[in-house]
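For reference, the chains in residue letters:
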Amino acid sequence: MDPMNDPPPILPGIEDDLKKYLLCPESLPIHQYEKNQEFWPREPNPIELLECEGSPLCTTLKVQRDPNTGEIVEFREVPVESAGATARNSMSLHRAPAPPTEATRGNASYIPFLPGSFSDTILDISTETISDTELVTIPPGFEKGLIFGEDGVTVISDSDGISEKHVLDDTQNVINIVDIIQQEQNLLAVWDNKTEEKHEETRIVPSETLPEEEEVLPKETPVLKISTVPPTTWKGSEWAILLDTTKPVVNFKERIPDMAIKFPFELDNFQKLAILQLEQHNHVFVAAHTSAGKTVVAEYAIALSQRHMTRTIYTSPIKALSNQKYRDFKSVFKDVGLITGDFQMNQTASCLIMTTEILRSMLYCGSDITRDLEYVIFDEVHYINDRERGHVWEQVLIMLPAHVCVVLLSATVPNTIEFADWLGRTHQRKVYVITTYKRPVPLQHYLYTGTGGGSRDNRYKILDADKWLLGGYMKAKDSIKPEHQKLAPQKLSPAQEKNLWSGLIDHLKRHDLLPVVAFTFSRQKCDNNAINLKNLDLTTQKEKSHITMFFNKCIRCLKEPDQNIPQIIKMKDILTRGIGVHHSGILPIIKEIVEMLFQRGLIKLLFATETFAMGVNMPARTVVFDAIRKHDGRELRDLVPAEYIQMAGRAGRRGLDSEGTVIILCKYSVPAEENLKQMMLGKPSSLVSQFRLTYGMVLTLLRVESLTVEGMMSRSFGEVDHQKNMTEIKKQLEQVEQQLEELSRQQISSYLQPLVKFYERASAYLQLRKEIINQVMSSAKVQKTVTPGKIVVVTYKNHVNKLALVLQVITRSKQLQYKVLVLTDPKDAKNEELREDLWYQMLSLAQDKLYLPLGTPAHEMLTVSPVDIFEISAKNLKVNTEYIIRDIEKRQMDRFKDDEPGQTCLQAVQELHKLTLLANSNSSSTNKLEYLHYIVDLKVNDPELYRNLLEMYNLKDKIIDQLPNTQIPNFEQQFMTVFRRQFLEDKKKNLEFKLSNASLLLYPDYENRIALLKQLNYVDNQNRVQLKGRVACEMGMNELLITELVLRNIFTKLKPAEVAALLSALVFRVRSRFDAADDSNLTENLKKGISEIKATHNELANLELSMGIQTDEFQEDLNFGLVHVVYEWASNKPFADIMQLTDIQEGIIVRCIQQLNETICDVRDAARIIGDPALQSKMEEASTSIKRDIVFAASLYTHEENV
C-alpha cells in the first residue's frame, strides 16, 4: 500500500489513559518515588517568630506652599493625631479613613464615632480603690507575672532560686500614671527643642500659614471647623430657650448681609429666628403649623453647609417622602444624593436624603460621612410618637457626634420645651425652640349633612379658626330628618354614596372650592368611591390631553405587559376625569403620577388615606373627612387632635387661598358636640418616648467597649426626669455620707444590737407592706369592709397607734384616701418637731398598746392613705359620719372655732375612748377589739397578692419575736441612736440605687435579653459578642430569627426562589382575611421550610416568654400569605400573572418584595461572615431574580426626565 495514501494516525483516547492511570496502580513506578515528587527541606528560623508589625508613624510631612504661586516651599514634620487609629479600634474623628466602598454606609464591624452625648463618660477615671488582695499578678495567657514588694513599687523576681529586687523609684512609693504621660510629652518637647536649635536645617512655623500669607488672608479664617464643639458656656442652666416669634426680628439683613440662599419672598419671623441660630451653629427645634414654611429652614441649613463645604443629612420618616424631597432639593441645590435600602444615588453629594433608619445604621457602622457632617435635619419629628419606629429617632439623636448641629422640624406639639431640654441636656448644648401660634392661612370647619338632591347645599360652619359656633352645630343637627336619623348606624349603599359625593362635588364646584382632598380611612373605600363616580368629569379637554401625555410618558419605562396591568389601565381612566386615588395599595409609580398631577392642579378630587398628609407640602383648597373614626389596628376610635390637625392642615394654599375649608361628612348622623370639640380644639399629642431595646441595638453596643447599653438607656427621652435629678441626688448622697461619717465615729454598743435587729425586721415588713397595701385596700372585698363607721388603727405622722373612726372614703384621686376621726390630748406639744414617717411607723410596731389620752380626750380629723391604716377592726359605729365632718369643718372656721362639738361628734369621741380602754385592758372580755386578717377574714385571694400577704404576715411574726427587746427603759431615746444610723445607711443605699443603672426603667428588660443572648451563645459570660452575635449585627430586622435560620442551615438545600418565598413571611405583616395561606400549590421544599421556620420562631417565642421578654416580633405569628406569590415572581413570572394568585393589592405586594430584597441582602451578608460562599451566591441570585420589572421600577422623582 502506498504510504502516501494511508489514513492519518488516530491518537489514543484520553479517557482510556486516565482510567488506566487511576484504576491500575500496579503500573505506577512506586519504587521510584523520588522521580514522582520533589521535596524542599525547610530550614528552621526561630527568630522569625519574634517579628511583629512596627508601630504606626507618629509624625507625617506636611507641604507648605507659596500662597501666590502655589510652589512648594518646604516640608514640615507635624505630629499625627490618633496615630494607628482605624475604624476597627478607635472612635476618634482623626482615625484613618475607611475604604471608599464602605465610606458611606460603613461596616457592621466598624466602631461608631464618639457620640456627643457620651463624651462626658469616656473621660471619667474611676477613683475606686482596690485592696492589695484583689490585684491579679499574672495576666491572662501568661505563666508568670510581676510581684511587687510591700511598697507597691519594688518588683520582685525569682531567678534560679535567688530573689532579686528591682527598685523602680527610690523617692516615691506610688506609681503616678499622669506623671508617666507627662514624661512622654516632655520627650516630645525635647524633639521640639532640638529642632529650634537647628535653624539652618528646619524652620518651625507656629501657625498654619506663612508670614506673607497672613498679609493676604483675613485674620479670622472663614473655614468652619465643625469637628470642634462650641464652648458650653450655659452648663448648669436650662438647656432649652424659647424664642419669641410674635416680635419682629430687628436688623435681620444687617446681621446676615450675605445669606447663603436668597428666597423670592419675605421670610416670616420664625424663619428668620431659625436662620439666625443656624448661622451660629446652634441646635434648632422648629414646631410650626402645617404649611407654615418649615422647609425654608431646612433649605437654609443645606445652603449654609454647601457654603462651608461640609455636608447635610436630611432624614424623613418614610421612603416615599425621601424621593419627593430629593426631587425638590435637586432643583434648588443640584449636588443632592439619595440613599434608601435598595437604591443609592450620588452618595458623595453635600446633601444626602435618607430615612432615619438608614442614618441610624450609618452611625452604628461608623460611616465616614460623619466626619464632615455639619447639619442633620429631622423632618416630621412628631413621628417619634410612633410605637413601632419612634425609638429610632431617639437612638439617632443620642448617637450623633458633638460637632453635628441638629435641626428638628415638627408640627405643633405641647411639650417642645421638654423635648428640647432633653436634647440639650444630652448633648450639653443649648437648643433654641421656635414655634408658631397661628396658621398662615386660617381654617373654616364645616359639617356637611347633605345626601344629594335638594340637600346638596347643607353645609354649616361650626368652627371659625379657634371659635366654636354652637348655632352652626345646632343647625346641622336640625337639618337631618328624623326618618334619616334611624339609618345612621347603617353603612350607606353604593348608590347613596354616589349621590352624596355627586352632590358634594357639585356644591364645591359651584362655590369654587376645588381642588379637594377627601381623607378616607379605608383603601377599599377609596377605590369604590372613585369607581362609583365614573360619570363625574372634572377636567377640560386640554387638561385631559396633558394628563394622558404625562401618564403615557411616565409608564413608558415599564415593559409592555406591565403597562397593561388592570390597576394601571383603571387608574388612567380615572385620572383623565380629574379624580385620583392615593393609598398604600396603589403601585408606587401610580402614586407618584397622582402626586405630580395633583401638584400641577390637574386632579380636582383626590381620595386618599392618612399617609398623604405626611410630609410633602401638597395643599388643596378644601379637605373633606369621609369619617372621623378610624381603626388603628387595635380598635375603632375617634381621630385624636394631632391626626385631625395634620390632615385638616392640608386645606388652604398659601398665596392662593385666603382661607382653607374643612368639611366633615355626617351621613345621617351628627357627631357628638363633645367629641368634635375634643378633636378640633384639643391639644395635639405630646412627644412621648417610645424608646425600647432591640437585640440588634444591644449587640451593636456590646461590641464597642466605650459605649454601653445602660448609657444609651439612661440618655433616652423616657429617662429625662432621671437625668434632671442626677445632680440633686449626688448632692443628697454627699450630705448623707457626711452625716454617716460623723455618726460612725461612735460604734453602736453591744446592748443596742437587739434594737438593730428590730429595725432590720421592721424595715423589711414596712417596705413590703408599702408595696402591696394600695392594691390590697383597692380590692373589692376590702373596699366593702372599710366604709364610713368602720373602726381602724392608724399611724399618721406623730399620731402613733391611734384608734380611728372612718368618716369618708375618697375615691376621686388616683389612689384611695380616708377621712378619719382620732383622739388627741390637749396637753400634747403642738409644735413638736416632726420626724420621718418611718420613725413613727416603727414606734407603732414596738408598742403593744393603743394611744390613750391622759386627760379628757380631744379629737382631730385626718386625711390618711391606705399605708397609714395598720389594722382593720371588726367593729362598726352606727353614727352619721356626714354630721361629724360638717361639724368639724364648721369649727375650723374662725368665727365658729370656739363652738362646742356637736352631739354626734361627742358620741363618736366617747365610743373611741371606750374602745381604746377596752383594747388596752388585759381582761379577756367578749367585747375586746378584734382585728381582721386580710386572708382569713377579708378573703383576699388574688394569687400574687396572696403570696405577698403571706410573706408580710411572716415578717410581722418575726417582729413580734423581737418585741421583748423593745421593752427597755428610755426606749425611744435608745432607739433613736440606732434609727438615725440605720436610716441614713438605708437612705444611702437608696440614693446609690437611683444613681446606678439598675434604677433605669428598661434595666430588667436588658438583663433578661442579655440572659437570652447568653443562652443562645450570641454573647459569652463576659458579654463579649460571639460569631452569632456578629451575624445578628448585620441584620436590619428579625435579628435572632434570621441568624438562627442561617446557622441551622435551613436554607442550604433550597433553591434561590424558595428561599426568597420563605423569607417573605418576615416582612409581610398585612392583616387581612387572606392571611391563612393555601399551601396546596406549594412545593414540598416550601412546605418543609415553612414548618421549620415556624418551629424556630415558636422556639424563640417560648424562650422569650420564659424570660419575661415581650416583643412584637415573636408574640405575633408569621404570615406566610405571600409565599406562593413571591415564589412565582422569583421564578420569573410576569407581575400580571402573579396578581391572579392573590387578592392582596398591588402596592402592598410591591412594598413587600422591596423590603424582602433588603432581608435577602442581610442573609447574604450573614453568609459572608460565617464563610458560606454557596449560601452567599444563592442569596445574590435570589436578589437578582426579584429585582426586576415594575416592582423595582425607578422612582419618577429620581428619574432625570421628570425631575
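Residues numbered from 1 in each chain as written. Predicted model: local features only at pLDDT ≥ 70, side-chain atom pairs only at ≥ 80, totals over all residues. Heavy atoms only, no water.

The protein is annotated in an unreviewed UniProt entry as Helicase SKI2W from Exocentrus adspersus. Taken from UniProt, the Catalytic activity (unreviewed entry) comment for the protein reads in full: "ATP + H2O = ADP + phosphate + H(+)". Quoted straight from UniProt, the Subcellular location (unreviewed entry) entry for the protein says "Cytoplasm". (UniProt positions renumbered as here; feature names shortened; annotations may be inferred.)

Enquirer: Please give an account of the overall build of the protein that cites residues and values.
Expert: A tally of helices and strands in the protein yields 42 helices and 29 strands. For the protein, the residues scored as buried account for 47% of the 1203 residues in total. As displayed, the protein offers around 64200 Å² of accessible surface, 51% of which is attributable to carbon and sulfur atoms. (Helix = DSSP H or I, 4+ residues; strand = E, 2+ residues; numbered from the N terminus. Buried < 20%, exposed > 50% of the residue type's maximum accessible area, 1.4 Å probe, protein only. Areas by Shrake-Rupley, 256 points an atom, 1.4 Å probe, with all protein chains shown as cover.)

Enquirer: Would you mind going over the packing of helix α26 (residues 753–778) against helix α31 (residues 943–962) in detail, with residue names and values included?
Expert: Running from amino to carboxyl end, α26 crosses α31 at an angle of 155°, the nearest separation of the two axes being 9 Å. When the axis of α26 is compared with that of α31, the two are roughly antiparallel. Crossing geometry of α26 relative to α31 is assigned as left-handed. In this structure, α26 contributes Pro-754, Lys-757, Phe-758, Arg-761, Ala-762, Ala-764, Tyr-765, Leu-768, Arg-769, Ile-772, Gln-775 and Val-776 to the contact, and α31 contributes Leu-945, Asn-948, Leu-949, Glu-951, Met-952, Leu-955, Lys-956, Lys-958, Ile-959, Asp-961 and Gln-962. (Axes fitted to C-alpha atoms, helices over the stretch in contact; angles between N-to-C directions. Parallel < 35°, antiparallel > 145°, perpendicular 65-115°, else oblique. Left-handed = near helix turned anticlockwise from the far one by under 90°. Contact = heavy atoms within 4.5 Å.)

Enquirer: Before we move on, can you summarise the environment of Ala-518 with the specific residues and values?
Expert: In this fold, Ala-518 is placed in strand β18 (residues 516–519). It is 6.6 Å that separates the C-alpha atoms of Ala-518 and Asp-626, two residues lying 108 residues apart in sequence.

Enquirer: Run through the pattern of salt bridges, naming residues and quoting values.
Expert: Considering all chains together, one arrives at 46 salt bridges under this definition. For Asp-626, the salt bridge identified is with Lys-525, shortest N-O distance 3.0 Å. With Asp-626 in the loop between β21 (622–625) and β22 (629–631) and Lys-525 in helix α16 (residues 523–532), the pair connects residues that are 101 residues apart, well separated along the chain. Judged by its relative accessible area of 28%, Lys-525 is partly exposed. Sharing partners across several salt bridges, the network here consists of Arg-456, Asp-457, Asp-506 and Arg-510. (Salt bridge = Lys/Arg side-chain N within 4 Å of Asp/Glu carboxyl O.)

Enquirer: For a nonpolar patch on the surface, give the residues involved together with the corresponding values.
Expert: Residues Leu-61, Val-63, Ile-72 and Phe-75 make up a contiguous nonpolar surface patch of about 380 Å² in total accessible area. Of all the secondary structure elements, the ones that give two or more residues to the nonpolar patch are β1 (59–65) and β2 (72–79). Note that Phe-75 resides in strand β2. Taking the relative accessible area as the measure of exposure, Phe-75 reaches 48% and is therefore partly exposed. (Patch = residues over 30% accessible without salt bridge, like charges linked within 9 Å, V, L, I, M, F, W, Y side chains within 5 Å.)

Enquirer: Account for the sheet that holds strand β28 (residues 858–864), with residues named and values stated.
Expert: An order of β28-β27-β26-β25-β29 is seen for the five strands of this open sheet, with the pairing classed as antiparallel. Every interior strand has two partners, whereas the edge strands, β28 and β29 (869–876), have only one. Each strand axis lies, on average, 35° off the axis of its neighbour in the sheet, ignoring direction. With seven bridges joining them, strand β27 (residues 817–824) and β28 adopt antiparallel strand pairing. Bridge assignment links Val-822 to a residue of β28, and that residue is Glu-860. Running at roughly 45° to β29, α26 makes contact with β27 and β29 of the sheet. (Pairing = 2+ DSSP bridges.)

Enquirer: Give a description of the sheet that holds strand β11 (residues 351–355) that names residues and reports values.
Expert: Strand order in this open sheet of nine strands is β6-β14-β7-β13-β12-β8-β11-β9-β10, and the pairing throughout is mixed. Of all the strands in the sheet, the pair left with one neighbour each is β6 (240–242) and β10 (344–345). On top of the sheet, helix α7 (residues 269–279) reaches β7 (283–287), β12 (373–378), β13 (405–410) and β14 (431–435); it is set at about 165° to β7, its chief contact. Strand contacts of helix α8 (residues 295–308): β7, β8 (311–316), β11, β12 and β13, with the helix running at about 170° to β12, the strand carrying the most contacts.

Enquirer: Account for the packing of helix α41 (residues 1146–1170) against helix α42 (residues 1173–1186), naming residues and giving values.
Expert: Think of two packed helices as two axes; the pair is described by the angle between the axes and how far apart they sit. At a minimum axis distance of 8 Å, the contact between α41 and α42 shows a crossing angle of 165°. When the axis of α41 is compared with that of α42, the two are roughly antiparallel. Like other packed secondary-structure pairs, α41 and α42 cross with a definite hand, here left-handed. Counted together, Ile-1153, Leu-1156, Asn-1157, Ile-1160, Cys-1161, Val-1163, Arg-1164, Ala-1167 and Arg-1168 of α41 and Leu-1175, Gln-1176, Met-1179, Glu-1180, Ala-1182, Ser-1183 and Ile-1186 of α42 form the full contact between these two elements.

Enquirer: Just give me the short version of unusual backbone geometry, but keep the residues and values in it.
Expert: In this structure, the amide linkage connecting Leu-514 to the following residue, Pro-515, adopts the cis form with an omega of 0°. On the secondary structure map, Pro-515 appears in the loop between α15 (494–510) and β18. Not every positive phi belongs to a glycine, and Met-309 is a case in point at roughly 60°. The topology assignment puts Met-309 in the loop between α8 and β8.

Enquirer: Explain the UniProt feature "coiled-coil region" (unreviewed entry) in the protein to me, and be specific about the residues and the numbers.
Expert: The UniProt feature table records "coiled-coil region" (unreviewed entry) at residues 719–749. When the span residues 719–749 is considered, its composition is 77% helix and 0% strand, and the gap between its end C-alpha atoms is 43 Å.

Enquirer: Help me get a handle on the nonpolar core, residues and values and all.
Expert: One finds Phe-378 and Phe-1135 to be the most contacted residues of the largest nonpolar core, which totals 209 residues. Looking at which element gives the most residues to this core, the answer is α41, with 10 residues. Every residue in contact with Phe-378, bar those within four places of it in the chain, is listed here: Thr-315, Thr-356, Leu-359, Trp-393, Val-396, Leu-397, Leu-400, Val-406, Val-407, Leu-408 and Leu-409. In terms of nonpolar packing, the next biggest core, distinct from the first, is built from 55 residues, Val-792, Tyr-934, Ile-935 and Leu-963 among them. (Core = buried A, V, L, I, M, F, W, Y, C linked by side-chain atoms within 4.5 Å.)

Enquirer: A description of the side chain of Ser-999 should follow, citing residues and the corresponding values.
Expert: Assignment of secondary structure puts Ser-999 in the loop between α32 (971–995) and α33 (1003–1015). One polar contact links Ser-999 to His-722, side chain to side chain, over a distance of 3.3 Å. Only 2.9 Å separates the side chain of Ser-999 from the backbone oxygen of Ser-996, close enough to count as a polar contact. In contact with Ser-999, other than residues within four places in its own chain, are His-722, Phe-993 and Lys-994. (Polar contact = N/O pair within 3.5 Å; in protein donor to acceptor, adjacent residues only side chain to side chain.)

Enquirer: Could you give an account of the pairing of strand β9 (residues 336–339), naming the residues involved and the relevant values?
Expert: The side chains of a regular strand alternate, first on one face of the sheet and then on the other. Where burial is concerned, the two faces of β9 agree: the one with Val-336 and Leu-338 and the one with Gly-337 and Ile-339 are both buried. The pairing of β9 with β10 spans two bridges and is classified as antiparallel. Across the sheet, the residue bridging to Ile-339 is Gln-344, located in β10. From the end of β9 to the start of β10, which pair antiparallel, there are four residues.

Enquirer: An account of the confidence of the model for the protein is requested, with residue identities and associated values reported.
Expert: When pLDDT is averaged along the protein, the result is 83; 86% of the residues meet or exceed 70. When pLDDT is averaged over each helix and strand of the protein, the minimum, 37, is found for helix α5 (residues 211–216) and the maximum, 96, for β12. (pLDDT = per-residue confidence, 0-100.)

Enquirer: Tell me about the packing of aromatic side chains, and name the residues and values.
Expert: On inspection of all chains with the given rule, the structure shows 22 aromatic pairs. Look at Phe-263 and Phe-265: their rings are 5.8 Å apart centre to centre, the planes differ by 40°, and that puts the pair in the tilted class. What links up through ring pairs into an aromatic cluster is the set Phe-758, Tyr-759, Trp-839, Phe-971, Phe-975, Phe-979 and Phe-983. Here the basic side chain of Lys-802 rests over the ring of Tyr-851, its NZ or CZ set 4.4 Å away from the ring centre. (Phe/Tyr/Trp six-rings, centres within 6.5 Å; stacked < 30°, edge-to-face > 60°. Lys NZ or Arg CZ within 6 Å of the ring centre and 35° of its normal.)

Enquirer: Which residues make up the environment of Leu-950, and what values do they have?
Expert: Considering the arrangement of structural elements, one finds Leu-950 in helix α31. As for Leu-950 and Tyr-934, which are separated by 16 residues in sequence, their C-alpha atoms are 9.6 Å apart.

Enquirer: Before we move on, could you go through helix α13 (residues 470–478) and cite the residues and values that matter?
Expert: Every buried residue of α13 is listed here: Gly-472, Tyr-473 and Ala-476. Taken end-on, α13 shows its buried residues confined to a sector of 100°, consistent with a single buried face. Seen from the open side of α13, the exposed residues pointing more than 90 degrees away from its buried face are Lys-475 and Asp-478. Buried residues along α13 sit in contact with β15 (443–448), β16 (459–464), β17 (467–468) and α22 (673–681). (Arc of directions from axis to C-beta.)

Enquirer: Before we move on, can you summarise the state of the cysteines with the specific residues and values?
Expert: Note on terminology: disulfide describes a covalent bond linking the sulfur atoms of two cysteines. Under the definition given, this model contains zero disulfides. Unpaired in terms of disulfides, Cys-554 finds its nearest cysteine sulfur in Cys-557, a separation of 7.8 Å. Relative accessible area serves as the criterion here: at 1%, Cys-554 is assigned to the buried category. (Disulfide = S-S within 2.5 Å.)

Enquirer: Summarise the pairing of strand β19 (residues 579–582); cite the residues concerned and give the values.
Expert: Alternating positions in β19 separate into two faces, Ile-579 and Val-581 on one and Gly-580 and His-582 on the other, with burial throughout. Sheet topology places β19 next to strand β20 (residues 605–608); four bridges connect them, and they run parallel. Along β20, the bridge assignment pairs His-582 with Ala-608. What joins β19 to β20 is helix α20 (residues 588–599), and the crossover it makes is right-handed. (Right-handed = clockwise from strand over helix to strand, strands pointing away.)

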